[in-house]
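Inside the fold
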Amino acid sequence: YLAGRIVDIRNYCETDALNTYLIYLRFQQLRGVLGIKTLADELALVRKVLQSSDLTHLQEFLDAWPEG
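Now for a description of the structure that goes with this document. (Residues numbered from 1 in each chain as written. Predicted model: local features only at pLDDT ≥ 70, side-chain atom pairs only at ≥ 80, totals over all residues. Heavy atoms only, no water.)

1. A look at a nonpolar patch on the surface
Stated precisely, the cut-off is as follows: To count toward a patch, a residue needs a relative accessible area above 30% and no salt bridge. Like charges then connect within 9 Å, nonpolar side chains (Val, Leu, Ile, Met, Phe, Trp, Tyr) within 5 Å. Accessible surface area values rest on a Shrake-Rupley calculation with a 1.4 Å probe, where residue burial reflects the displayed protein chains alone. The rule for a salt bridge is simple: a side-chain nitrogen of Lys or Arg has to be within 4 Å of a carboxyl oxygen of Asp or Glu. Counting from the N terminus, the helices are the DSSP runs of H or I reaching at least four residues and the strands are the DSSP runs of E reaching at least two. Whether a residue is buried, partly exposed or exposed follows from its accessible area with a 1.4 Å probe, protein chains only, as a fraction of its type maximum: under 20%, in between, or over 50%, in that order.
A cluster of nonpolar side chains, contributed by Y1, L2, I6, V7 and I9, occupies part of the molecular surface with about 580 Å² of accessible area. Secondary-structure assignment places V7 in helix α1 (residues 6-30). Residue classification places V7 among the partly exposed residues on the basis of a relative accessible area of 44%.

So this is what it looks like as structure tokens:
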């Protein structure tokens, strides 16, 4: 922050939040709250949102996220 890298911090926080959300979805599936289809639908939605973004850090996140 003091070095003026607020954009880098924001980008990191966004990808950290994405990872946390993906872990949360898997946890909910393991708990039986989400079925396999609902989980797959939600993961597909996240991928779709990332694919529609032109932000580099989100494209890098998507590229690093294996399908399946």
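After that view of the structure, there is still more to cover.
2. Some remarks on the packing of helix α2 (residues 36-51) against helix α3 (residues 56-64)
Note the threshold: Only C-alpha atoms enter the line fits that serve as axes; for helices the fit covers just the stretch in contact. Angles between N-to-C directions range over 0 to 180 degrees. Here the word oblique covers every angle except those under 35 degrees (roughly parallel), over 145 (roughly antiparallel) and from 65 to 115 (roughly perpendicular). Crossing handedness: left-handed means the near helix sits turned counterclockwise from the far one by under a right angle, and right-handed means the same turn made clockwise. Contact definition: two residues touch when any of their heavy atoms are within 4.5 Å. Only Asp, Glu, Lys and Arg are considered charged in this grouping, and only Ala, Val, Leu, Ile, Met, Phe, Trp, Tyr, Cys and Pro are considered nonpolar; every other residue, Gly among them, is considered polar.
In contact at an axis separation of 9 Å, α2 and α3 are set at 140° when each is read in the N-to-C sense. By the angle between their directions, the pair α2 and α3 is classed as oblique. Here α2 runs over α3; the crossing is left-handed. For the pair α2 and α3, contact is made by R47, L50 and Q51 and by L58, Q59, F61 and L62, respectively. Of the residues belonging to the contact of α2 with α3, the class tally is 4 nonpolar, 2 polar and 1 charged.

3. Re the packing of aromatic side chains
Basically, it comes down to this: Two aromatic rings from Phe, Tyr or Trp, using only the six-membered ring of Trp, form a pair when their centres are within 6.5 Å; if the ring planes differ by under 30 degrees the pair is stacked, by over 60 it is edge-to-face, and anything between is tilted. Distance and angle both matter: a charge sits over a ring if NZ of Lys or CZ of Arg is within 6 Å of the ring centre and within 35 degrees of the ring normal.
With the rule as written, the count across this model stands at 2 aromatic pairs. When the ring of Y21 is compared with that of Y24, the centres are 6.4 Å apart and the planes differ by 25°; the resulting orientation is stacked. One end of the pair, Y21, and the other, Y24, are both in helix α1, 3 residues apart, so they sit about a helical turn from each other. Among the residues examined, Y24 registers a relative accessible area of 45% and is labelled partly exposed. Here the basic side chain of R47 rests over the ring of W65, its NZ or CZ set 3.8 Å away from the ring centre.

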